[in-house]
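# Reading the structure
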Amino acid sequence: MTEKKLESAAGDKLMIRMESVNKWYGEFHVLKDINLDVRQGERIVLCGPSGSGKSTTIRCINRLEEHQAGRIIVDGVELTSDLKQIEAIRREVGMVFQHFNLFPHLTVLENCTLAPMWVRHMPRREAEAVAMHFLERVRIPEQALKYPGQLSGGQQQRVAIARALCMKPAIMLFDEPTSALDPEMVKEVLDTMIELAESGMTMLCVTHEMGFARTVAHRIIFMDRGEIVEQAAPDEFFSNPKSERTRTFLGQILH
Amino acid sequence: MQTTARVQPARSSLLRDPKFRGLVFQILAVFTVVGIGWYLFQNTQSNLAQRGITSGFGFLNNTAGFGILQSLIDYTETDTYGRVFVIGLLNTLLVSGLGIFFATLIGFVIGIARLSPNWLLSRLATVYIEIFRNIPPLLQIFFWYFAVLRAMPAPRASYEFFDAIYLNIRGLYLPSPIPADGFNVFAIALLAACVAIVLVARWARKRREATGQLFPTPAVAIGLLVALPGLAALVAGNPVTWSVPELRGFNFVGGLVVIPELVALTLALTLYTAAFIAENVRSGIQAVSHGQTEAARSLGLRPRHILRLVIIPQALRVIIPPLTSQYLNLAKNSSLAAAIGYPDLVSLFAGTVLNQTGQAIETIAITMSVYLAISLSISLLMNWYNKRIALVER
Ligand SMILES: Nc1ncnc2c1ncn2[C@@H]1O[C@H](COP(=O)(O)OP(=O)(O)OP(=O)(O)O)[C@@H](O)[C@H]1O
Ligand SMILES: [Mg+2]
């Protein structure tokens, strides 16, 4: 991975605020007092051992999971059980999943136009123009009329990124976007994400790709057992980790 | 050394060539089947000739001379066996059609209820499925016929609903519509409403694609369906008068009678098959991974759009093939009619007609061909539909 760093700085506007968020699965305390502020254009990488609550944290931001205590405010709108507010937030927050989750019965183009047409009420022509624009940005416009089942894993994940971008979200969430990919396809997806970062997108990314984290992230957050144990800029995080748990974790993944 | 090396692969290529071997086996199989068929045919012909039994299909033109419990077309005892065949076929198609329609309806409702987050609803659905799918269909027919419908009171003590529907041991008496003055205008208005709905739906879709605006098509459709025929009835007078069943002496006159045999058979086949269809529907919906719902949610799609645009199209692909075999089972199970004397094709044609004419081979052959034709039609239709919606894979 390139050692060159992306220099674009984060803005001042607060995009996400999590205030002592707590969540339980039955007796199991998954998220313990999570406090997190994300500013516009900021890029954050979450890492930590399996089961530490990384996925749960970012899935709370678009209400795929419900938090039970604390407050989450996204782009000025507080997440409550009000359906209108949840839908408003989901329109502004794009998400990319580990297993792509493309709609297999729709073509690549239809995958990309579905939400703009049914949620943003965009005319078909316009939605298709937007879709082609983003498919070009992820470099697969020639696959537009194919079905997801006909594409490689890397191509599918790039379509998933394009699909999310077609809603013109203000924030993008990534949950281990490269973990299900063969090694030779990881780079094409990471390159796409780096380009997205260059365009100034606010990004929260769960990943174990530490090279990517070093290049792209403004801040790396280390989670363990449902807590944010440590957060720091990449240089600081890798060269001078403060907590013992962070050092153990880094020792494991940087061999 | 060199020659053997060259000859060897050439020799082995014929005997060990899978294509050649496949062809040989297929030819052998065809010869065997044709041979056995020919032998059976010859043998039967000579046996029948020896015993002086007539063969051929001439009997279809002979007079039947017996009464039939239910016929959808006009029939008297002087009609031919050919007409009896048509009546049996129509009665079989009636039961199968009614059964398939109601079983699909109930099956989808129960299958979706089974997945409901409502504890009571999903538990009730489970109980329904486990009861009806685990009791043999013949027993269910007996239950509805002997335990329920035969236990109904005599006509004078009928159960009465809304002063118009009566249930007694002779069957279910319903009011039947008789066309009146306003009928034609009403029918035209109804047709016009249907055409208008199709046009509105098309226009709404075009407009949505062009401008992105959603249109409340279902509400407008219901409105049209009520308003146009309603207006026609107001202007042109009553479209139908109802012939309501009335007790005269010991029995009812007027209205429409559904014989208990038909009710029992339809009920049993419907409830039995619906339990299987419910399971197919449940597993079809569950086969669509949760990730699909999550992806659709994260794009901001509304729950009903998620169901309609993402879940149902994928679930249908899983539901259709087993649904086909349920339809086939229902059509074939309708021949259990013979057990309670409902005049379906088997009890009427392969039963009564066979007994009277003694032409077993012909009647059985005709009956079997008809079931084959019904089953093949259902299969072809469903396969065509399945192919149309199949997923494209690599
Ligand atoms: N629906 C659920 N019911 C009960 N427990 C759950 C549920 N979902 C997740 N958990 C538990 O919550 C904990 C946190 O899960 P989460 O998926 O957030 O971890 P993660 O950090 O993303 O781990 P991984 O790296 O394996 O993806 C895990 O211990 C998991 O077993
Ligand atoms: Mg995870």
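Residues numbered from 1 in each chain as written. Chains lettered and ligands numbered in written order. Predicted model: local features only at pLDDT ≥ 70, side-chain atom pairs only at ≥ 80, totals over all residues. Heavy atoms only, no water.

## Description of a nonpolar patch on the surface
All names here are of chain B.
- Residues Leu14, Leu15, Phe20, Val24, Phe25 and Leu28 make up a contiguous nonpolar surface patch of roughly 590 Å² in combined accessible area.
- Elements with a minimum of two residues in the nonpolar patch: helix H1 (2–15) and helix H2 (18–51).
- The biggest single contributor to the nonpolar patch is H2, with 4 residues.
- Tracing the backbone shows leucine 28 in helix H2.
- Residue leucine 28 is classed as partly exposed on the basis of its relative accessible area, which comes to 48%. (Patch = residues over 30% accessible without salt bridge, like charges linked within 9 Å, V, L, I, M, F, W, Y side chains within 5 Å. Areas by Shrake-Rupley, 256 points an atom, 1.4 Å probe, with all protein chains shown as cover. Salt bridge = Lys/Arg side-chain N within 4 Å of Asp/Glu carboxyl O. Helix = DSSP H or I, 4+ residues; strand = E, 2+ residues; numbered from the N terminus. Buried < 20%, exposed > 50% of the residue type's maximum accessible area, 1.4 Å probe, protein only.)

## Thoughts on the site of ligand 1
All names here are of chain A.
- Taken together, Tyr25, Phe28, Val30, Pro49, Ser50, Gly51, Ser52, Gly53, Lys54, Ser55, Thr56 and Glu176 make up the full set of residues adjacent to ligand 1.
- Glutamate 176 is positioned such that a nitrogen or oxygen atom in its side chain is 3.2 Å from an oxygen atom of ligand 1.
- Look at ligand 1: alone it shows 640 Å² of surface, and the protein chains cover 58% of it.
- Going through the elements one at a time, strand E2 (28–39) and helix H1 (54–61) are the ones with two or more residues in the shell around ligand 1.
- With 3 residues, the single largest contributor to the shell around ligand 1 is H1. (Near = heavy atom within 4 Å. Polar contact = N/O pair within 3.5 Å; in protein donor to acceptor, adjacent residues only side chain to side chain.)

## As for the pattern of salt bridges
Residue and element names in this part refer to chain A.
- All told, the structure shown has 27 salt bridges over all chains when counted by the stated rule.
- For arginine 59, the salt bridge goes to glutamate 65, with nearest N and O atoms at 3.0 Å. For the pair shown, arginine 59 and glutamate 65 are each scored as buried.
- Glutamate 227 is the partner of arginine 245 in a salt bridge, and the nearest nitrogen-oxygen pair spans 3.5 Å. Of this pair, arginine 245 sits in helix H9 (residues 244–253) while glutamate 227 sits in strand E10 (residues 227–232), and the two are 18 residues apart along the sequence.
- Taken together, the shared-partner salt bridges in this structure form one network comprising Arg17, Glu19, Asp37, Arg71 and Glu78.

## Observations regarding the sheet that holds strand E5 (residues 77–78) of chain A
Residue and element names in this part refer to chain A.
- If you trace the 4 strands from one edge of the open sheet to the other, you get E2-E1-E4-E5, paired in antiparallel fashion. Edge positions in the open sheet fall to E2 and E5, since each of these has one partner strand only.
- Judged from the 2 bridges that link them, strand E4 (residues 69–74) and E5 form a sheet pairing that is antiparallel. Bridge assignment links valine 74 to a residue of E5, and that residue is valine 77.
- On the sheet, H1 packs against strand E1 (14–25), E2 and E4 and is oriented at approximately 125° with respect to E1. (Pairing = 2+ DSSP bridges. Contact = heavy atoms within 4.5 Å. Axes fitted to C-alpha atoms, helices over the stretch in contact; angles between N-to-C directions.)

## Here we look at the packing of helix H9 (residues 290–298) of chain B against helix H10 (residues 303–333) of chain B
All names here are of chain B.
- Between H9 and H10, whose axes approach to 10 Å, the crossing angle comes to 160°. It follows that H9 is roughly antiparallel to H10 by the angle criterion. Along this stretch, H9 crosses H10, giving a crossing that reads as right-handed. Only Ile306, Val310, Ile311 and Gln314 of H10 make contact with H9, whose side of the interface consists of Gln292, Thr293, Ala296 and Arg297. (Parallel < 35°, antiparallel > 145°, perpendicular 65-115°, else oblique. Left-handed = near helix turned anticlockwise from the far one by under 90°.)

## Focus: the domain arrangement of chain B
- When its domains are assigned, chain B resolves into domain 1 (2–46) and domain 2 (85–148 + 260–389).
- Centre-to-centre, using C-alpha coordinates, domain 1 of chain B lies 42 Å away from domain 2 of chain B. (Domains from an automatic or database assignment.)

## As for the side chain of serine 334 of chain B
Residues and elements named next belong to chain B.
- Structurally, the position occupied by serine 334 is in the loop between H10 and helix H11 (345–357).
- With relative accessibility at 1%, the residue serine 334 sits in the buried group.
- At a separation of 2.7 Å, a polar atom in the side chain of serine 334 contacts the main-chain carbonyl oxygen of alanine 331.
- Here serine 334 is in contact with Thr92, Val95, Ser96, Leu265, Leu269, Asp344 and Tyr371, once residues within four sequence places are set aside.

## Some details on the confidence of the model for chain B
- With 96% of its residues at a pLDDT of 70 or more, chain B shows a mean pLDDT of 88.
- Scored below 50 in pLDDT, residues 1–5 of chain B shows 1 contact in the model against residues more than four places distant or in partner chains. (pLDDT = per-residue confidence, 0-100.)

## Quick notes on the interface of chain B and chain A
- Each side of the interface is counted separately: chain B has 29 residues, and chain A has 32 residues.
- The contact between chain B and chain A buries some 2,800 Å² in all, and 60% of this surface belongs to carbon and sulfur atoms.
- In this assembly, chain B and chain A are joined by 3 salt bridges.
- The set of elements that each furnish at least two residues to the side of chain B that touches chain A consists of helix H6 (183–211), H9 and H10 of chain B.
- Tallied by class, residues from the side of chain B that touches chain A come to 12 nonpolar, 8 polar and 9 charged. (Buried area = accessible area lost by both parts, 1.4 Å probe. Nonpolar A, V, L, I, M, F, W, Y, C, P; charged D, E, K, R; others polar.)

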